[in-house]
Amino acid sequence: MHEFSRDILLDCLPEKLAGQRVLDLGCGEGIITRALAARSAWALGIDPFPRMIEQAQAATKDGPPGAHYAVDDGCTLATVATRSVDWVTTGLSLNNVPGLSAALTAVRRVLVPGGRLAFTIPHPCFEAPHATWPDHAQERPRRVVGDYHAEGFWRSDNPQGVRRAGNQHRMLSTYLNALGGHGFLLEATAEPTPSSSVAAEQPQRAGLPPFFLVQASSKK
């Protein structure tokens, strides 16, 4: 799933990023940051958790040059200079920041005029609080959703679920309206069909888009 999220996010960016400075917000162990560096970008991955940055640095030792890392808060980006990056990517991490408005304010500050933001989030229509898979083995898999309007932090009680660590649930309209309110122009959105490898691994998701993808540019 993380590789699928990485690939659909990278589809928004140019194949060659030489001379481009890219900030990867909420980089985790650096899966996207390394891919950006492989496209010849100067890529900076930031994450608030030192252990994740340590893992990212270890994974990058044998990877392409150009990947750098720092511990930082995505709601402030205190280590990143104003108007210093051409792109901001954020793969499955805006849904983890407690303050969406603060994060977008920080992103807008560090982008050059006309710079772009591309991000993925778990699709909030299907990853809403208390969404479940029905236990009907003979039927075609369906997602049972509810509490879509209940925005805020929630944690899955499924010990195997990816949301057991917690997630900030927000409606799609909240994300899109926040972009406009912070001076971004919406360029593209997508609800990508799961890849064959995702569908093979998690067949119940074959008919559902697991992620929501957005590309926006900052006003000049």
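Everything below is about the structure shown above.
The structure contained in this document is the topic of the report that follows. Owing to the predicted nature of the structure, the values given are computational and were not obtained by experimental measurement.

**Things to note about the overall build of the protein**
Along its length, the protein carries 6 helices and 9 strands. Its C-alpha atoms give the protein a radius of gyration of 17 Å, near enough to 17 Å, the size a compact globule of 220 residues would have. Expressed along its principal axes, the backbone C-alpha trace of the protein runs to roughly 55 × 40 × 30 Å. Taken across its 220 residues, the protein has 48% of its residues classed as buried. Considering only contacts within the protein whose residues lie at least 6 apart along the sequence, 68% involve residues at least 24 apart. Taking the 21 positively charged and 21 negatively charged side chains of the protein as two groups, their mean positions are separated by 6 Å.

**A look at the pattern of salt bridges**
Per the stated rule, a full pass over the model turns up 6 salt bridges. For Arg-116, the salt bridge is made with Glu-187, and the minimal N-O distance between the two is 3.0 Å. Highlighted residues: Arg-116 in strand 5 (residues 111–122) and Glu-187 in strand 8 (residues 184–190), separated in sequence by 71 residues. Here Glu-187 falls in the partly exposed class, since its relative accessible area comes to 36%. Between Arg-143 and Glu-127 there is a salt bridge, with its nearest N and O atoms 3.5 Å apart. With Arg-143 in the loop between strand 5 and strand 6 (152–154) and Glu-127 in the loop between strand 5 and strand 6, this residue pair connects regions lying 16 residues apart in the sequence. The same class applies to Arg-143 as to Glu-127, namely buried. In this structure, a network of salt bridges that share partners links the residues Glu-127, Arg-143 and Arg-205.

**Details of the sheet that holds strand 4 (residues 85–91)**
Pairing is mixed in the open sheet, where 7 strands are placed in the order 3-2-1-4-5-9-8. Looking at strand neighbours, the two that pair on one side only are strand 3 (67–71) and strand 8, the edges of this open sheet. Each neighbouring strand pair of the sheet contributes to a mean axis angle of 20°, computed without reference to strand direction. Summarising the sheet, strand 5 and strand 9 (residues 211–218) pair through 7 bridges and their orientation is antiparallel.

**Here we look at the packing of aromatic side chains**
This model, assessed by the stated rule, comprises 2 aromatic pairs. Consider the rings of Phe-119 and Tyr-175, whose centres lie 6.2 Å apart with planes at 35°: the pair is tilted. Taken together, the residues span a long stretch of sequence, with Phe-119 in strand 5 and Tyr-175 in helix 5 (residues 172–181) at a distance of 56 residues. In this pair, the class of Phe-119 matches that of Tyr-175, namely buried.

**Some remarks on the pairing of strand 5**
Judged by how many residues are buried, strand 5 sits mostly within the fold: 9 of 12 residues are covered. With respect to chirality, the unit in which strand 4 leads through helix 4 (residues 100–110) into the neighbouring parallel strand 5 is right-handed.

**Digging into the side chain of Arg-143**
Arg-143 gets classed as buried once you look at its relative accessible area, which sits at 18%. A polar contact is formed between the side chain of Arg-143 and the backbone oxygen of Phe-126, at a distance of 2.9 Å. A polar side-chain atom of Arg-143 sits 3.5 Å from a polar atom in the side chain of Glu-127. Those residues in contact with Arg-143 that lie beyond four places of it in its chain are Phe-126, Glu-127, Ala-131, Thr-132, Trp-133 and Leu-208.

**Let's talk about helix 4**
Within helix 4, the full set of buried residues consists of Leu-100, Ala-103, Leu-104, Ala-106, Val-107 and Val-110. On an axial view of helix 4, the arc spanned by its buried residues comes to 160°, and they lie on one face.

**Notes on the packing of helix 1 (residues 2–10) against helix 2 (residues 31–38)**
At a closest axis distance of 10 Å, the pairing of helix 1 and helix 2 adopts a crossing angle of 40°. The angle between helix 1 and helix 2 falls in the class oblique. Helix 1 and helix 2 meet at a crossing whose hand is right-handed. Facing His-2, Glu-3, Arg-6, Leu-9 and Leu-10 of helix 1, the residues of helix 2 in contact are Ile-31, Ile-32, Ala-35 and Leu-36. Among the residues making up the contact of helix 1 with helix 2, the classes are represented as 6 nonpolar, 1 polar and 2 charged.

How each quantity is defined
Residues numbered from 1 in each chain as written. Predicted model: local features only at pLDDT ≥ 70, side-chain atom pairs only at ≥ 80, totals over all residues. Heavy atoms only, no water. Helix = DSSP H or I, 4+ residues; strand = E, 2+ residues; numbered from the N terminus. Rg over C-alpha atoms; globule rule 2.2 N^0.38 Å. Buried < 20%, exposed > 50% of the residue type's maximum accessible area, 1.4 Å probe, protein only. Contact = heavy atoms within 4.5 Å. Lys, Arg positive; Asp, Glu negative; His and termini not counted. Charge placed at Lys NZ, Arg CZ, Asp CG, Glu CD. Salt bridge = Lys/Arg side-chain N within 4 Å of Asp/Glu carboxyl O. Pairing = 2+ DSSP bridges. Axes fitted to C-alpha atoms, helices over the stretch in contact; angles between N-to-C directions. Phe/Tyr/Trp six-rings, centres within 6.5 Å; stacked < 30°, edge-to-face > 60°. Right-handed = clockwise from strand over helix to strand, strands pointing away. Polar contact = N/O pair within 3.5 Å; in protein donor to acceptor, adjacent residues only side chain to side chain. Arc of directions from axis to C-beta. Parallel < 35°, antiparallel > 145°, perpendicular 65-115°, else oblique. Left-handed = near helix turned anticlockwise from the far one by under 90°. Nonpolar A, V, L, I, M, F, W, Y, C, P; charged D, E, K, R; others polar.

Coordinates in, geometry out; function isn't part of it.
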